[in-house]
Amino acid sequence: MNKKKTAKRLLAAAVAISGAYLVILILISCLQKWLKPMQDAPLGVRDTFYFPVDDVVVSAVCFVFMLLISLVLIHRIGRGMKTGGLAAVGIAAFGVLVPFIQKLAAYWEGIRLADGQVSTEASIDYVTSASYVHDLTAWAVPLLFVSCALFAAGCAAALFARENEKR
């Protein structure tokens, strides 16, 4: 089993899944009114647009950091250089910190929504209730955690990817 190819594939897969999650999250937010039927909707729904700012910001920052770390690691693996420090940071950041920050972002989003007006809350609850929007969002959220797990595995493989040049 070639450790270099395994590490590169895991890192590339993690970046692809993270990017797909970000795109899905933005598309669901932008298309929410077309995905959710408007009959029996509260009056404010037609004027309410729910954009999950905290989730999108966390996802975008994670995607950028994952992309940058992946590019550097893949470059170093290709050249046979040491990757230990950066790979260890990737494991710690995306194995521990990102899932924790994602949970904090969901908590902050809940606090932000709780401070809104009653009619806005009813509209947002309707838009994000058991519907296509909610189902698609619930399906998309685990993609961030899958990408973090793949990225941590790719960083771990990158730690051991340097092959002995003297063979």
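Everything here concerns the structure above.
Thresholds applied
Residues numbered from 1 in each chain as written. Predicted model: local features only at pLDDT ≥ 70, side-chain atom pairs only at ≥ 80, totals over all residues. Heavy atoms only, no water. Helix = DSSP H or I, 4+ residues; strand = E, 2+ residues; numbered from the N terminus. Buried < 20%, exposed > 50% of the residue type's maximum accessible area, 1.4 Å probe, protein only. Contact = heavy atoms within 4.5 Å. Areas by Shrake-Rupley, 256 points an atom, 1.4 Å probe, with all protein chains shown as cover. Expected span 1.5 Å × (residues − 1). Core = buried A, V, L, I, M, F, W, Y, C linked by side-chain atoms within 4.5 Å. Polar contact = N/O pair within 3.5 Å; in protein donor to acceptor, adjacent residues only side chain to side chain. Phe/Tyr/Trp six-rings, centres within 6.5 Å; stacked < 30°, edge-to-face > 60°. Patch = residues over 30% accessible without salt bridge, like charges linked within 9 Å, V, L, I, M, F, W, Y side chains within 5 Å. Salt bridge = Lys/Arg side-chain N within 4 Å of Asp/Glu carboxyl O.

Where do I start with the overall build of the chain in this structure?
What the chain contains, in helices and strands, is six helices and zero strands. Overall, the chain shows an N-to-C arrangement of helices and strands of α-α-α-α-α-α. Evaluated residue by residue, the chain yields a buried proportion of 35% over its 167 residues. A sequence separation of at least 24 residues applies to 84% of the contacts in the chain between residues at least 6 apart. A total of about 9,700 Å² of accessible surface is found on the chain, and carbon and sulfur atoms cover 68% of it.

How should I be thinking about helix α3 (residues 53–79) in this particular structure?
Since the α-helix advances by 3.6 residues per turn, residues separated by three or four positions end up pointing in the same direction. Helix length check: α3, at 27 residues, gives a terminal C-alpha distance of 39 Å against a target of 39 Å (1.5 Å per residue), a fit within 8%. Those residues of α3 not exposed but buried are D54, D55, V56, V58, S59, C62, M66, I69, S70, L73 and I77. Phi for G80, located one or two positions after α3, is positive at around 75 degrees.

I tried to follow the nonpolar core on my own but got confused; where do I start?
Note on soluble globular proteins: their nonpolar side chains tend to be buried together. Membership of the largest hydrophobic core comes to 28 residues, with the highest contact counts inside it found for Y21, M66, L73, F94, V98, F151 and C155. The set of elements that each furnish at least two residues to this core consists of α1 (3–30), α3, α4 (84–114) and α6 (132–159). Every residue in contact with Y21, bar those within four places of it in the chain, is listed here: S59, Q102, A140, V141, L143 and L144.

Explanation requested: α1 in the structure shown.
With 28 residues, α1 should reach 40 Å at 1.5 Å per residue; the first-to-last C-alpha distance of 41 Å fits that figure. Buried residues of α1: K4, A7, L11, A14, V15, S18, G19, Y21, L22, L25, I28 and S29, and no others. Two or three places before K4, at the start of α1, stands the capping residue N2, its side-chain oxygen 3.1 Å from that residue's backbone nitrogen.

In this structure, what is going on with the packing of aromatic side chains? I would like to understand it.
This model, assessed by the stated rule, comprises one aromatic pair. Arranged with centres 4.8 Å apart and planes meeting at 65 degrees, the rings of F94 and F151 form a pair that is edge-to-face. Taken as a pair, F94 in helix α4 and F151 in helix α6 lie far apart in primary sequence, 57 residues in all. The pair F94 / F151 is uniform in exposure class, with both members buried.

Looking at this structure, how should I read the side chain of S18?
Note that S18 resides in helix α1. Each residue touching S18, except ones within four places of it in the same chain, is listed here: F63, M66 and S147.

I keep staring at a nonpolar patch on the surface and nothing clicks. Help me out?
A surface patch of nonpolar side chains, amounting to about 500 Å² of accessible area, comprises V53, V57, V61, V64, F65 and L68. If you trace the backbone, V57 turns up in helix α3. Of the residues examined, V57 reaches a relative accessible area of 45% and is grouped as partly exposed.

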